[in-house]
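Structure assessment
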Amino acid sequence: MRFSKNAKVISLAFLLAAFVSCRGEGEIRHVKQVRFSWWGKEARSEYTKKGIEAFNSENAYINVVGEDFSWIGYEADFEKEFLSGSSADVMQINFDWLDKYSSDGNGFFDLNNLSDTIELYNFTLDDLSYGTKNRKLNAIPVSFNTLVPIFSKKVFVDNALNVPSTWLDLFECAKVLRKSDMYVLGLGEKQFFLLCLAWFEQTYSKKMFLDNATFTPSNLELISLFNFAQSLITSHVVYPYPDTFSAQDLKTRRIAGVFVWCNESAKYAEAIDDNLGESVLGCFIKNESASESGWYLKPALMYAIKKDTQNPKEAAKFMNYLLNDQSFALLQGNEKGVPASNKAFTSLLENNRLESLQYEALMCIRFNRSKISKMLAIMENSDIVKSFCDNTFDLASKKKSASEASDSFRETIYSVIR
């Protein structure tokens with residue numbers, strides 16, 4: 001087919017328009033595509049897509065393509081893409097994935113090399129240390145998470161009790177509340193394990209794990225830990241269904257408080273308000289004489305960039321938007337927890353967008369930061385958590401002795417470490 005001269009010009013114009021996004025100061029800039037992958041529920045996808053649309057409209061030479069997924073099956077798909085080199089340019093990751101996918105710091109792009117684009121000054125050096133592997137900044141925290149207790153103030157006032165702050169307090173409260181068939185705390189399996197880990201470290205003034213491969217308890221210490229753990233259940237301190245526990249269980253009115261992640265605190269506080277009366281933030285349960293606090297902090301979520309992305313500058317600009325842009329912070333709100341970025345946090349604060357209890361929890365973390373240790377990946381290992389819970393309930397139901405539960409748990413630890 002023959003084209004007229006005008007048709008050739010028009011065709012060329014269309015090709016050029018498809019290839020060139022803008023011309024600035026005499027320089028032709030080509031459209032750069034950046035893929036961004038994340039998981040989450042519908043609300044997260046909705047505001048993230050709005051943010052992507054706003055970013056694309058403000059950055060004509062960058063085209064961000066969003067890839068949203070549900071959590072179920074996400075990590076398996078992520079691992080396949082990561083190993084095949086087909087990951088998104090910018091990706092939402094979990095904290096423990098740094099150890100799994102970048103133990104030497106070479107699994108993701110070193111963000112130190114993009115500090116002219118990413119406003120790292122919005123984060124403390126301690127914040128950034130969580131994403132650093134082998135002196136390479138692999139990822140940046142979106143927000144931080146630690147476990148916090150939340151109680152129904154009304155339940156404790158009605159029973160002439162103070163909100164518990166020590167281990168002894170928990171058991172004293174349980175003695176009173178069990179008369180009404182109530183439990184002091186509802187919590188999930190991981191939270192149950194970490195609660196018991198805190199007791200161990202405060203009781204023996206040493207860490208349970210020195211690193212992801214060093215387990216410190218002696219046989220007698222481990223037996224003592226299991227005896228304590230089963231006493232939490234048999235004494236009515238802990239609601240005995242951690243494998244299925246959710247905010248819905250508060251509707252039973254049999255649970256006086258919860259032990260949950262900080263970024264879930266608003267949801268559980270609301271459930272307490274609706275079913276039990278005014279919610280109140282508790283403090284970290286402690287043993288005053290302990291040299292270890294037993295409590296740990298981790299990033300709730302992190303952002304990383306593909307190590308061999310073709311468009312690092314553009315990917316960095318979009319990551320900076322997700323972390324530090326004040327208009328996007330307002331779109332996101334508290335959905336991913338209180339933002340670690342000072343700029344994003346300020347935006348929520350100035351616009352009265354911080355839930356009061358979440359803000360209290362954040363201040364509690366900040367004031368106690370020196371006493372809270374960095375969480376290790378092994379502490380959240382699903383096999384270890386399940387083994388601890390299963391063995392504790394076997395002990396509580398007299399299917400195993402404390403020694404047998406201890407031996408079984410130690411076998412699981414060593415199978416993971418090896």
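Below, the structure is looked at part by part. Since the structure is predicted, the reported quantities are computational estimates derived from the model, not experimental observations. (Residues numbered from 1 in each chain as written. Predicted model: local features only at pLDDT ≥ 70, side-chain atom pairs only at ≥ 80, totals over all residues. Heavy atoms only, no water.)

**Thoughts on the pairing of strand E8 (residues 139-145)**
Most of E8 sits out of view: 7 of its 7 residues are buried. Pairing analysis gives 6 bridges linking E8 to strand E14 (residues 296-305), with the strands arranged antiparallel. Residue serine 143 lies in a different strand from E14, and its bridge partner there is leucine 301. (Buried < 20%, exposed > 50% of the residue type's maximum accessible area, 1.4 Å probe, protein only. Helix = DSSP H or I, 4+ residues; strand = E, 2+ residues; numbered from the N terminus. Pairing = 2+ DSSP bridges.)

**Notes on the nonpolar core**
Judged by nonpolar contacts, the single largest core of 127 residues is most densely connected at Ile93, Ile140, Phe192, Phe193 and Phe209. Residue contributions to this core peak at 9 residues, all from helix H8 (residues 189-204). Formed by 6 residues, the second largest nonpolar core is a distinct cluster that contains Val338, Leu348, Leu362 and Met363. (Core = buried A, V, L, I, M, F, W, Y, C linked by side-chain atoms within 4.5 Å.)

**Section: helix H13 (residues 342-350)**
Within the sequence span of H13, burial applies to Ala344, Phe345, Ser347 and Leu348. On an axial view of H13, the arc spanned by its buried residues comes to 155°, and they lie on one face. Buried residues in H13 make contact with helix H11 (312-324), helix H12 (326-332) and helix H14 (356-367). The distance from a side-chain oxygen at the start of H13 to the backbone nitrogen of lysine 343 is 3.3 Å, and the residue carrying that oxygen is serine 341. Just past H13, the residue asparagine 352 takes up positive phi, approximately 55°. (Arc of directions from axis to C-beta. Contact = heavy atoms within 4.5 Å. Polar contact = N/O pair within 3.5 Å; in protein donor to acceptor, adjacent residues only side chain to side chain.)

**Thoughts on helix H15 (residues 382-396)**
Over its 15 residues, H15 extends 21 Å from the first C-alpha to the last, a length consistent with the 21 Å expected when each residue adds 1.5 Å. Of the residues making up H15, those classed as buried are Ile384, Val385, Ser387, Phe388, Cys389, Asn391, Thr392, Asp394 and Leu395. The elements touched by buried residues of H15 are H8, helix H9 (219-234) and helix H16 (402-417). Of the residues flanking the start of H15, the one acting as N-cap is asparagine 381, its side-chain oxygen 3.0 Å from the backbone nitrogen of aspartate 383. (Expected span 1.5 Å × (residues − 1).)

**Regarding the pairing of strand E3 (residues 32-39)**
By the bridge criterion, 8 bridges tie E3 to strand E4 (residues 62-69) in an arrangement that is parallel. Bridge pairing in E4 places glutamine 33 opposite asparagine 63. This β-α-β element, E3 to helix H2 (residues 42-58) to E4, shows right-handed connectivity. Judged from the 2 bridges that link them, E3 and strand E5 (residues 90-93) form a sheet pairing that is parallel. (Right-handed = clockwise from strand over helix to strand, strands pointing away.)

**Observations concerning the sheet that holds strand E13 (residues 279-281)**
One open sheet holds the 3 strands; their spatial order is E12-E9-E13, and the pairing between them is antiparallel. Taken across any chain shown, the strands that pair with only one partner, and hence form the sheet edges, are strand E12 (257-261) and E13. The sheet shows a mean angle of 30° between the axes of neighbouring strands, taken without regard to direction. Pairing of strand E9 (residues 147-152) with E13 involves 3 bridges; the strand directions are antiparallel. Bridge pairing in E13 places phenylalanine 151 opposite valine 280. (Axes fitted to C-alpha atoms, helices over the stretch in contact; angles between N-to-C directions.)

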